Amino acid sequence: MSLNDPFLSSLIPLVFVFAIMYFLLIRPQQQRMKQHQAMVTAVRRGDTVVTGGGLVGRVVKVKDDGELLVEIADNVQVRVLKGTLSEVRSKGSEKGED
């Protein structure tokens, strides 16, 4: 095969476009997913969490079956799936709360 081969000359731009797509779209998304998974597995009692629905609360109990017990107000606790967490704040980094 030489460089003048029409098959090879049409294949090179496709490979180039795929490489660009991989490094600009696919790889960063995979890294974000790994960071989110690590964040969710590292959640512990006392952390402040934000759910996908926008609820902000403090983790009261971490259950083994992928659930958390989150206190969203005084004496108001809800069960939340770990997968629905969008942000985990550690105990000392509560933003905007008095």
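From a predicted model like this one, the values you see are computed outputs, not experimental measurements.

## Here's the deal with the pattern of salt bridges
Part 1: In total, this model carries three salt bridges according to the counting rule given.
Part 2: Across the salt bridge formed by Glu67 and Arg79, the nearest N and O atoms sit 3.1 Å from each other. Separated by 12 residues along the polypeptide, Glu67 in strand β3 (residues 67–73) and Arg79 in strand β4 (residues 76–81) bring together distant segments of the chain.
Part 3: Of the charged contacts in the structure, one is a salt bridge between Glu87 and Arg89, with a shortest N-O distance of 3.1 Å.
Part 4: Its relative accessible area of 13% is what places Arg89 among the buried residues.

## Some words on the pairing of strand β1 (residues 48–51)
On a regular strand, each side chain points to the face opposite its neighbour's, so the side chains alternate between the two faces of the sheet.
Part 1: In β1, alternate side chains face the same way, and those of Thr48 and Val50 on one face and Val49 and Thr51 on the other are all buried.
Part 2: Pairing between β1 and strand β2 (residues 56–62): three bridges, direction antiparallel. Opposite Val49, over in β2, you have Gly57 as the bridge partner.
Part 3: Linking β1 back to β2 in an antiparallel pair, the connection comprises four residues, with Gly54 at a positive phi of about 100 degrees.
Part 4: By the bridge criterion, four bridges tie β1 to strand β5 (residues 85–89) in an arrangement that is antiparallel. Residue pairing in the sheet places Val49 in a bridge with Val88 of β5.

## Description of helix α1 (residues 6–41)
Part 1: Given a rise of 1.5 Å per residue, 36 residues ought to cover 52 Å, and the 51 Å separating the end C-alpha atoms of α1 matches this to within 8%.
Part 2: Considering bend angle alone, the principal kink of α1 is centred on Tyr22 and spans about 40 degrees.

## Describing the pairing of β3
Part 1: Counting buried positions along β3 gives five out of seven residues, so the element sits mostly inside the fold.
Part 2: With four bridges joining them, β2 and β3 adopt antiparallel strand pairing. In the strand pairing of β3, Val62 is matched with Leu68.
Part 3: If you look at the hairpin formed by β2 and β3, you'll find four residues sitting between the two strands, and Gly66 has a positive phi there, around 85 degrees.
Part 4: Sheet topology note: the β3/β4 ladder contains six bridges and is antiparallel.

## Some words on the sheet that holds β3
Part 1: Taken together, five strands build an open sheet; the order of strands is β4-β3-β2-β1-β5 and the sheet is antiparallel. In the strand order of this sheet, the two ends are held by β4 and β5, each with one partner. The sheet shows a mean angle of 40 degrees between the axes of neighbouring strands, taken without regard to direction.

## Details of the side chain of Lys82
Part 1: If you trace the backbone, Lys82 turns up in the loop between β4 and β5.
Part 2: Of the side chains bearing the opposite charge, Asp64 lies closest to the buried Lys82, which forms no salt bridge; the N-O distance is 7.0 Å.

## Quick look at a nonpolar patch on the surface
Part 1: There is a patch of nonpolar side chains on the surface, built from Phe16, Val17, Phe18, Ile20, Met21, Leu24, Leu25 and Ile26 and spanning about 800 Å² of accessible area.
Part 2: Structurally, Val17 is set in helix α1.
Part 3: Residue classification places Val17 among the partly exposed positions, given a relative accessible area of 48%.

Conventions adopted
Residues numbered from 1 in each chain as written. Predicted model: local features only at pLDDT ≥ 70, side-chain atom pairs only at ≥ 80, totals over all residues. Heavy atoms only, no water. Salt bridge = Lys/Arg side-chain N within 4 Å of Asp/Glu carboxyl O. Helix = DSSP H or I, 4+ residues; strand = E, 2+ residues; numbered from the N terminus. Buried < 20%, exposed > 50% of the residue type's maximum accessible area, 1.4 Å probe, protein only. Pairing = 2+ DSSP bridges. Expected span 1.5 Å × (residues − 1). Bend = angle between axes of the 7 residues up to and from the residue. Axes fitted to C-alpha atoms, helices over the stretch in contact; angles between N-to-C directions. Lys, Arg positive; Asp, Glu negative; His and termini not counted. Patch = residues over 30% accessible without salt bridge, like charges linked within 9 Å, V, L, I, M, F, W, Y side chains within 5 Å. Areas by Shrake-Rupley, 256 points an atom, 1.4 Å probe, with all protein chains shown as cover.

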